[in-house]
Amino acid sequence: MDVLDYEIVQEQAAALGRMGRALEAALARLREFDAAHPRAGEPASARQARRTLVMEAGHALWMFVVQREACGLRDSRTVMRDYNVPGEVQQRMGSGLATSVWAAT
């Protein structure tokens, strides 16, 4: 039984690491986009591209927070602070998932 528990904890840690790296990558893409594209007078295509990046980051945040909670880590404030998650990404956390679930039904 101890071997199984060890393997479960090992997989939880590996999944948590993958989700954390995915969040970091999504936030980096958003920050790179913001650095390359000034907000004033941007075309509609740039606004849509940014919205997509925010939604992707929100989904990655959702996945990471859910995995943390599955590992027993319930306080997400440290995630928001340590990863410097913008408020707009926090507001979109899980919203892309909800949209895709409703669209599928």
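Residues numbered from 1 in each chain as written. Predicted model: local features only at pLDDT ≥ 70, side-chain atom pairs only at ≥ 80, totals over all residues. Heavy atoms only, no water.

**Q** Talk me through the overall build of the protein chain; I want residue IDs and the actual numbers.
**A** Within the protein chain one finds 5 helices and 0 strands. Put simply, the protein chain runs from its N terminus to its C terminus through helices and strands in the order α-α-α-α-α. The principal-axis extents of the C-alpha atoms in the protein chain amount to approximately 60 × 35 × 20 Å. The buried share of the protein chain, taken over its 105 residues, is 26%. Relative to all contacts within the protein chain whose residues are 6 or more apart in sequence, the contacts with residues 24 or more apart total 73%. (Helix = DSSP H or I, 4+ residues; strand = E, 2+ residues; numbered from the N terminus. Buried < 20%, exposed > 50% of the residue type's maximum accessible area, 1.4 Å probe, protein only. Contact = heavy atoms within 4.5 Å.)

**Q** Any details on the side chain of arginine 68? Residues and values, ideally.
**A** When you line up the elements, arginine 68 lands in helix α2 (residues 44-70). Buried charged residue arginine 68 carries no salt bridge. Nearest counter-charge: aspartate 75, at 6.4 Å. Side-chain polar atoms of arginine 68 contact the backbone oxygen of aspartate 75, separated by 2.9 Å. Setting aside anything within four residues of it in sequence, one finds arginine 68 in contact with Leu16, Leu73, Asp75, Thr78 and Val79. (Lys, Arg positive; Asp, Glu negative; His and termini not counted. Salt bridge = Lys/Arg side-chain N within 4 Å of Asp/Glu carboxyl O. Polar contact = N/O pair within 3.5 Å; in protein donor to acceptor, adjacent residues only side chain to side chain.)

**Q** Kindly report on unusual backbone geometry, identifying the contributing residues and their values.
**A** For asparagine 84, which is not glycine, the phi dihedral falls at a positive 50°. Its place among the elements puts asparagine 84 in the loop between α3 (77-82) and α4 (87-91).

**Q** So, the pattern of salt bridges: which residues are in play, and what are the values?
**A** Any two side chains of opposite charge can pair, given that their charged atoms come close. Scanning all chains against the criterion turns up 5 salt bridges. The shortest N-O distance in the salt bridge between arginine 18 and glutamate 11 comes to 3.0 Å. What makes arginine 18 partly exposed here is its relative accessible area of 38%. The salt bridge involving arginine 77 is made with aspartate 75; its shortest N-O contact spans 3.0 Å. Through salt bridges that share partners, Asp34, Arg50 and Glu88 make up one connected network.

**Q** Give me the packing of aromatic side chains: which residues, what numbers.
**A** Considering all chains together, one arrives at 1 aromatic pair under this definition. Ring plane angle 65° and centroid distance 5.3 Å describe the contact between phenylalanine 64 and tyrosine 83, whose orientation is recorded as edge-to-face. Taken as a pair, phenylalanine 64 in helix α2 and tyrosine 83 in the loop between α3 and α4 lie far apart in primary sequence, 19 residues in all. (Phe/Tyr/Trp six-rings, centres within 6.5 Å; stacked < 30°, edge-to-face > 60°.)

**Q** Can you explain the nonpolar core? Please cite residues and give values.
**A** Judged by nonpolar contacts, the single largest core of 18 residues is most densely connected at Leu23, Leu27, Leu61, Val85 and Val89. Looking at this core element by element, the count peaks at 8 residues for α2. When sequence neighbours within four positions are dropped, the list of residues in contact with valine 89 reads Leu27, Leu30, Val54, Ala57, Gly58 and Leu61. (Core = buried A, V, L, I, M, F, W, Y, C linked by side-chain atoms within 4.5 Å.)

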